[in-house]
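These are the residues of each chain, in order.
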Amino acid sequence: MNEFLEENYSFLVTMTSIIYCMLGFVLIFFNTPQTSIYAPYRKSKRLLATGMLIMSIDIWIWLACFNGEWTYTNDWEVSFDTILFYLVGICFSFSFSNLINHQYISKRRCKITAIKFGATSCFALFAMLDALQEYRPILQTIALLGIVELWFQHVFYFHRTYLQYNVELANYFSSDKRHFLKWLNITHWLLYILFAFAVISITSGAIINWLLQFYIVAVNFYITINFINHARECGNLQLASEGGGIHTDENKCLSALDTKKEENAIAAGNSYKNKRKEDFRNILRPRLALWLKEKAYTQEQFTIEELASRLHTNKTYLSTFIKEEYGMSFSSWISSLRIEEAKRIMANDPKQKLIDVAYMAGFSSLAYFSSVFAKSEGISPSAWLRGFSRNSEGEQ
């Protein structure tokens, strides 16, 4: 069994190389709208495609160095692996980060990354020199530490920004859009498993390495399919970034500073500003009460910007008001209103189909309605309806 797997391992990696190449070209030729709002997505698409193609090239280099012996290691191959893995890391890191912060790829970050890549490449190339053969393990280790530093920096940045972006989405859209980003979080956990798998495979036999190749292919299929599907909501999600946005220290812009000033003005502790704040609330409450009376929240989708425009205020003030008045984000508040409306509809007409209840309450689908309802009430809509019917019969 092992002999067969070892003999045919080169065939397996040849196939995986072809698959990576195909995935890269699928991404390249995948048609996306040429509007400015899709510009960050197109940039991420090109980066991800480049990463796939580099992975394919790396395998072909390995095949060129492979002499048929399973335990054979070529020092040139190790150095080229390090350089190409670093490039793949840059492509994937920039691609994923750019999806959740469209200002991520700045000139400053590109310069810093280029310097780090140059330093890592130098150590990897120096390790190939016969004159430095004595120091080869040290040089290769330093080069590998460059890759480790790149991924640790990305992991820290991504998860911090991912959480911030989820908050932005929750405070902008009336429906919870955060599930459209879950694939990015899942992708990162799949990559962490891949890294651990790859480390184990270094000292393992053919079976583990075959499994590793299947796993890598599966992960890259998952990434490619979800990346393509992400295009459907990319334009809508971009609105939250443009409306509020994720701004790191190096990417702050005037609108973010202005928003901060407005928030500081609202939250200031002196009596004059507190009076202004209370005056603002007294003006907004009757406007919001009228909007609630009309049950305008049962519209399937709208943003906090659209609601703020209707109430003749801005989204910063409205978001602050909702958080302080109701203690929740914009989307959570709208969901709670819709759930109460759904319960009212079911109580008044228990024979109403749940899918009709979902649409009448403002939810986009029965599945989404059931998910939000269960999360809020602890039971499914159908279970709630059965319980309500039993209680009603008991009272009679």
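Residues numbered from 1 in each chain as written. Predicted model: local features only at pLDDT ≥ 70, side-chain atom pairs only at ≥ 80, totals over all residues. Heavy atoms only, no water.

Within the largest apolar cluster, 65 residues are counted, with the highest numbers of intra-cluster contacts made by F92, W291 and W333. Residue contributions to this core peak at 12 residues, all from helix α8 (residues 206-243). If we skip the residues at most four places from it in the chain, W291 touches A296, Y297, F302, L307, R310, L311, W333, I334 and L337. By size, the runner-up hydrophobic cluster in this structure holds 14 residues, among which are M346, V357, A358 and L385. (Core = buried A, V, L, I, M, F, W, Y, C linked by side-chain atoms within 4.5 Å. Buried < 20%, exposed > 50% of the residue type's maximum accessible area, 1.4 Å probe, protein only. Helix = DSSP H or I, 4+ residues; strand = E, 2+ residues; numbered from the N terminus. Contact = heavy atoms within 4.5 Å.)

Among the secondary structure elements, I142 is positioned in helix α6 (residues 136-170). Among the residues examined, I142 registers a relative accessible area of 33% and is labelled partly exposed.

This part is about the packing of helix α13 (residues 330-348) against helix α15 (residues 366-377). It is the contact of α13 with α15, at a shortest axis distance of 10 Å, that shows an interaxial angle of 100°. When the interaxial angle is binned, α13 and α15 end up roughly perpendicular. Taken together, the residues of α15 that come into contact with α13 (itself represented by S335, I339, A342, K343 and M346) are Y368, F369, V372, F373, S376 and E377. The class makeup of the residues in the contact of α13 with α15 is 7 nonpolar, 2 polar and 2 charged. (Axes fitted to C-alpha atoms, helices over the stretch in contact; angles between N-to-C directions. Parallel < 35°, antiparallel > 145°, perpendicular 65-115°, else oblique. Nonpolar A, V, L, I, M, F, W, Y, C, P; charged D, E, K, R; others polar.)

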